[in-house]
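Observations on chain architecture
So you can see what is in the structure, the chains are spelled out below.
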Amino acid sequence: MDCSIEPQRALGSPLQSCDIDVLITDLTAVHCVRYHFTNHESTNIEAVFTLPLPSDAAFIRLTAAFAGQEWALQISATDNAQRGYDRAISDGHSAVLFRRVDEGLYTLAIGNLGAGETVALTLEFARALELQERAARFRLPLALRPRYGEWHLEPPDTPLHSVTANYPVRASVRIEGLLATTAVSCASHQTRVSASDGALMLHTVDAALDRDLVVGFDLGATPLAPQWQAWVEGDRVASELLWSLPRPTSPASEPLHLVTLLDCSGSMQGAAIAGCRQAMVAIANALDDPMTVQFVCFGSELKPLLEKPLPAVPATREALRSLATQLNADMGGTELAAALNAALNDLESLHDEAANQAILLVTDGAIDPRSLVRATTRAKRRGVRVFVVAVGESAAVEALAPFSTSTDGRLESVTPGEDIADAVMRQFSRIRQRRPALLEVEFPPDAEQVGETARTYLGDTVRIRAWLPSAEATYRLHLHESPDASAQTYQGSVISRANTPYLRALWGQALINAARGAKAKTSLALDYGLITQYTAGILVKERGEGAFAALPAVRRVSHMHVPSALSVNTYAMPAFMRSAPNVCLCPAFEEAEYPPAEIQSDEDAAALQAELAELIQQVEAALQPKLSNLRPLQDWLRACLVADELPTTTGAQTYVSEAMLDALATASSSFARESRAQSDQWLWELLVVLFEAMADELPVELQERLGDWIARRGIDVDNTRHLATYLAGEDSAGPDS
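Residues numbered from 1 in each chain as written. Predicted model: local features only at pLDDT ≥ 70, side-chain atom pairs only at ≥ 80, totals over all residues. Heavy atoms only, no water.

**Quick word on the pairing of strand S19 (residues 227-233)**
Within S19, five of the seven residues are buried, leaving the element largely enclosed by the surrounding structure. Inspection of the sheet shows S19 paired to strand S20 (residues 236-244) by seven bridges, in the antiparallel sense. Bridge pairing in S20 places Glu 233 opposite Arg 236. (Buried < 20%, exposed > 50% of the residue type's maximum accessible area, 1.4 Å probe, protein only. Helix = DSSP H or I, 4+ residues; strand = E, 2+ residues; numbered from the N terminus. Pairing = 2+ DSSP bridges.)

**Side note on the state of the cysteines**
Taken as a whole and assessed by the stated rule, the structure comprises zero disulfides. The thiol of Cys 264 is unpaired, and the distance to the nearest cysteine sulfur, on Cys 297, comes to 3.7 Å. The exposure class of Cys 264 is buried, given its relative accessible area of 1%. (Disulfide = S-S within 2.5 Å.)

**So, helix H5 (residues 336-348)**
A rise of 1.5 Å per residue sets the reference length of H5, with its 13 residues, at 18 Å; its end C-alpha atoms lie 18 Å apart and thus fit the reference within 8%. The complete set of buried residues in H5 reads Leu 336, Ala 339, Leu 340, Asn 341, Ala 342, Ala 343, Leu 344, Asp 346 and Leu 347. Where H5 is buried, its residues meet strand S21 (256-263), strand S22 (291-298), strand S23 (302-304), strand S25 (356-363), helix H6 (373-382) and helix H7 (397-406). (Expected span 1.5 Å × (residues − 1). Contact = heavy atoms within 4.5 Å.)

**Considering the pattern of salt bridges**
Enumeration over the complete set of coordinates arrives at 25 salt bridges. For Glu 418, the salt bridge identified is with Arg 137, shortest N-O distance 2.8 Å. Taken together, the residues Glu 418 in the loop between strand S27 (411-414) and helix H8 (420-431) and Arg 137 in strand S11 (residues 135-140) connect sequence positions 281 residues apart. The exposure class assigned to Glu 418 is partly exposed, which follows from its relative accessible area of 23%. Classification of Arg 137 by relative accessible area gives buried; the value is 3%. The salt bridge partner of Glu 318 is Arg 321, with a shortest N-O separation of 3.2 Å. Placement of both Glu 318 and Arg 321 in helix H4 (residues 314-324) is noted, with a separation of three residues, approximately one turn of the helix. The class of Glu 318 is partly exposed, set by a relative accessible area of 46%. Connected through shared salt-bridge partners, Glu 412, Arg 426, Arg 430 and Asp 460 make up one network. (Salt bridge = Lys/Arg side-chain N within 4 Å of Asp/Glu carboxyl O.)

**Details of the sheet that holds strand S34 (residues 553-556)**
Read from one edge of the open sheet, six strands run S6-S33-S7-S8-S3-S34, paired in mixed fashion. Of all the strands in the sheet, just strand S6 (74-77) and S34 have a single pairing partner and so form its edges. Here the strands of the sheet are splayed against their neighbours by 25 degrees on average, with no regard to which way each runs. Pairing analysis gives seven bridges linking strand S3 (residues 45-52) to strand S8 (residues 105-113), with the strands arranged antiparallel. What sits directly across from Ile 45, in S8, is Leu 113. Taken strand by strand, helix H2 (residues 78-90) contacts S3, S6, strand S7 (94-102), S8 and strand S33 (535-541), and its axis lies near 150 degrees from that of S7. Contacting S6 and S33, helix H10 (residues 518-528) runs over the sheet at an angle of about 165 degrees to S6. (Axes fitted to C-alpha atoms, helices over the stretch in contact; angles between N-to-C directions.)

**Description of the pairing of strand S18 (residues 213-218)**
The element S18 is extensively covered by neighbouring structure, given that five of its six residues are classed as buried. Summarising the sheet, S11 and S18 pair through six bridges and their orientation is antiparallel. When the sheet's bridge partners are listed, Ala 136 is paired in S18 with Phe 217. In terms of strand pairing, strand S14 (residues 183-186) meets S18 through four bridges, oriented antiparallel. Residue pairing for S18: Cys 186 is matched across the bridge by Val 215.

Here is the structure:
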């Protein structure tokens, strides 16, 4: 776990709030995200914020509003932009630098924001909606969870997290055209819905920057008609055809060997693990005798549910349905590489390379792409396809999507509140097809295709882009796996709509993706004004000489804690969590699920927080001096207790240093590095020591909750006694005395 926390910064974070406006026209979305920053300090600062954005989004523009004036970002090569920014800051000017630091990750730096000054930065991007059989989906990443593993980023760019951070969000979504009359749902937020002038409007209710924005559309049973766009781009015509392939008429009858990996780490608590149970039952019901199956639960360790891969006979299917009820999110961290290699070992043990072999992975793991290199090589060498269902905000889609696609698999992402089982069964349909459909496109004479035709499964949608020589064109589509659709012809003409900024941005992004070599990609990015790994954006607001006496103090902006078990139907954040800017006293408060009986209002919740804070101070006074180093961890554990979010090693490691844990090994062997890697016993010993002094003074409901937590682990009383003695600064005889 390589994700820092700076709770002392969160309360005074320069980021104040966020406004989001989304316009969805047919199957394209343009989203404007406006971040409001204020410098509450008495000196000039540099605010640095690393934020997520969709990997396939195309940059349109960034503007900055300082004191009623607006400046626009200029695009240049990344090194030039960085040098220009550094020079502007050292010369005493204000500047903004926006750059891509990793796949799906960008950093905003606002240099020389003066004392008391505010700035609003507006990011505008475009992207195509996700299409899944008869559904469309818009997802805007807004939240980052701590990554399991290391961030390979420079320290200023490494995301921070804080349980005290709170950034209110106002979001509105306007839906026009094709989707305005469909059934619409928002799986991520409570929303108000209205209609006006043929458009549908969604407005979020009491939202915060702690989760992604997800809107889904049900397209109904009617197949999506071909969608055609063409427009004049320079002296040529740019075109895009969107075509939905027919569904498979019958499942393949050849043998299938399938290993399903289910993430049972602590971060999968709540709706995610419940969805895994449902998905496992759905798969068991869909299996038939010619298949061989294995299910493996994984976290910090592996737990195969079957002794070995077994034929999917009725007895096996019944056993799997029974085992599904026993799935729990209690297996610690997310050792995905080990799980993938174990699945590949299982498939190799069957000695049947001619069969259809696949791995189905369900995970919320925020993992390092480098950990997938070995599994990628092995899977491609053996012809094993890997299909992924990525759950929630933390899943490393930017790493898992190319990994899956490279094996001819696919990735689908879902958020808690969406049906994981539906996504799993769509993947199961693809798995049974053995390979993507063979689709050939016959272009008009003198047309030039942009990129290759994506390998697409029956039931999915393919995008075909090309430069055309004239305003009219005819495509002929040959689909060899479906005789009824083997000679589809589509004819279209250039639309009258003028070339809009979002069309130009998306087209430029497609050209960059198809180009080869850094030089060609850089040239295209500069021509189209796009942010890529080779280009960045900079704007400078010139100041008078002597505006600042010194270089700015760097202030890294922390992300909010992301609740691990969000349920939109039950989630309601009380007003006390919004009582002051950037203050969030607990990470999640699910009023409909586990509220202590004594909390009936915001006032009751605030009183409980104050009571707990006072008790914490009493314990801290008794356990000095070393407890001060554990204060961030203790604050997090307190928030977990109130919210009934079971603490996990993955979450805890964000709030306590490795050096501190190593030091505690003198008091308890559970804290030795080898022991920590194998068990989360160290966390539960700390929890007992930090709370036992106040347990009798907690409300009865919280006492029972704490007791239930501890009862789930076998706590060594001697270890906790040694630990308490050590934390109090007294002599300890050590863990073995």
